[in-house]
Amino acid sequence: MKHLTFLLLCAAFMGLAFTNPASNAVVVYKVDTSASTVKWTAAKVTGKHFGKVPIKVGTLEINKNKLVGASFEVNMAALTVEDGGGNERLRGHLTNDDFFAVDKHPSATFKATKVTAKDKAGNYTVVGDMTIKKITKSITFDANLTMVGGKATGKATIKLDRTDYDIKFRSGKFFPDLGDKLIYDEFELEVNLVASK
């Protein structure tokens, strides 16, 4: 019996000795801000507008080629409008107190709190905290991860309700009878994060 116990202990020790802890380690990939984009789209009764918000910093957390975490911060003060005429006027409006008040809140952030693989094709369900104007809300969205040539690319379309972040200007929830002046509450972020070690 003592001989059997000794052999089992030896086997357990050898198993630990030849296990590489690094194989289970999470690798943090840093987002290349020049190659990554966050495009926004918002709509009203009479049309829609779109543009970009520059990324300041971001990470994708990878374990064995699987996404386990993600975060990014965008520069709201450098928001652009790219859909046509009147861009500077609209940009000024979006950055003032009616919308994002970028003088007081120059950044917006996202941090994943749970990442669940949906399949083996790189598709995930991501839950995380989105903070805009110092208001944090938990959001859920689908994302995709591809790994090519040492680079990780995460893509997602995130839909947000602006009224969750105290942006009420011409919202039908707060102002009735707006007619064609109505601006829809939901807006969309198309996120493309390219990252490497």
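Residues numbered from 1 in each chain as written. Predicted model: local features only at pLDDT ≥ 70, side-chain atom pairs only at ≥ 80, totals over all residues. Heavy atoms only, no water.

Asks: Would you take a moment to explain the environment of F50 for this structure?
Replies: Here F50 lies in strand β3 (residues 47-52). Sequence separation between F50 and W40 is 10 residues; the distance between their C-alpha atoms is 5.4 Å. Each residue touching F50, except ones within four places of it in the same chain, is listed here: K39, W40, T41, T80, V81, E82 and D83. (Helix = DSSP H or I, 4+ residues; strand = E, 2+ residues; numbered from the N terminus. Contact = heavy atoms within 4.5 Å.)

Asks: What is the right way to look at the pairing of strand β8 (residues 135-148) in this model?
Replies: Sheet faces and side chains relate simply in a regular strand, where the side chains alternate between the two faces. Two elements, strand β7 (residues 123-132) and β8, share 10 bridges in a ladder whose sense is antiparallel. If you follow M130 over to β8, its bridge partner there is K137. Count of turn residues in the β7/β8 antiparallel hairpin: two residues, of which K133 carries a positive phi of about 55°. In this structure, β8 lies alongside strand β9 (residues 151-161), joined through six bridges in antiparallel fashion. Bridge pairing in β9 links M147 to A152. Counting the residues between successive antiparallel strands, the hairpin from β8 to β9 contains two residues, one of them, G149, with a positive phi of roughly 55°. (Pairing = 2+ DSSP bridges.)

Asks: I would appreciate a short explanation of the pairing of β9 in the present structure.
Replies: Alignment of β9 against strand β10 (residues 183-196), held across 11 bridges, turns out to be antiparallel. Residue K155 lies in a different strand from β10, and its bridge partner there is N192.

Asks: Just to check I follow, could you spell out the packing of aromatic side chains for this structure?
Replies: Aromatic ring pairs are described here by two measures, namely the spacing of the ring centres and the angle between the planes. Applying the stated criterion to the full structure yields four aromatic pairs. Arranged with centres 6.3 Å apart and planes meeting at 80°, the rings of F100 and F187 form a pair that is edge-to-face. You can see F100 sitting in the loop between α2 (87-95) and β6 (107-117) and its partner F187 sitting in strand β10, a full 87 residues away along the chain. Of the two residues, F100 and F187, both sit in the buried class. These aromatic residues form a ring-pair network of at least three members: F72, F110 and F141. Residue placement shows K39 over the ring face of F50; its charged tip is 4.8 Å from the ring centre. The lysine or arginine in question, K168, covers the ring of F174, its NZ or CZ lying 4.9 Å from the ring centre. (Phe/Tyr/Trp six-rings, centres within 6.5 Å; stacked < 30°, edge-to-face > 60°. Buried < 20%, exposed > 50% of the residue type's maximum accessible area, 1.4 Å probe, protein only. Lys NZ or Arg CZ within 6 Å of the ring centre and 35° of its normal.)

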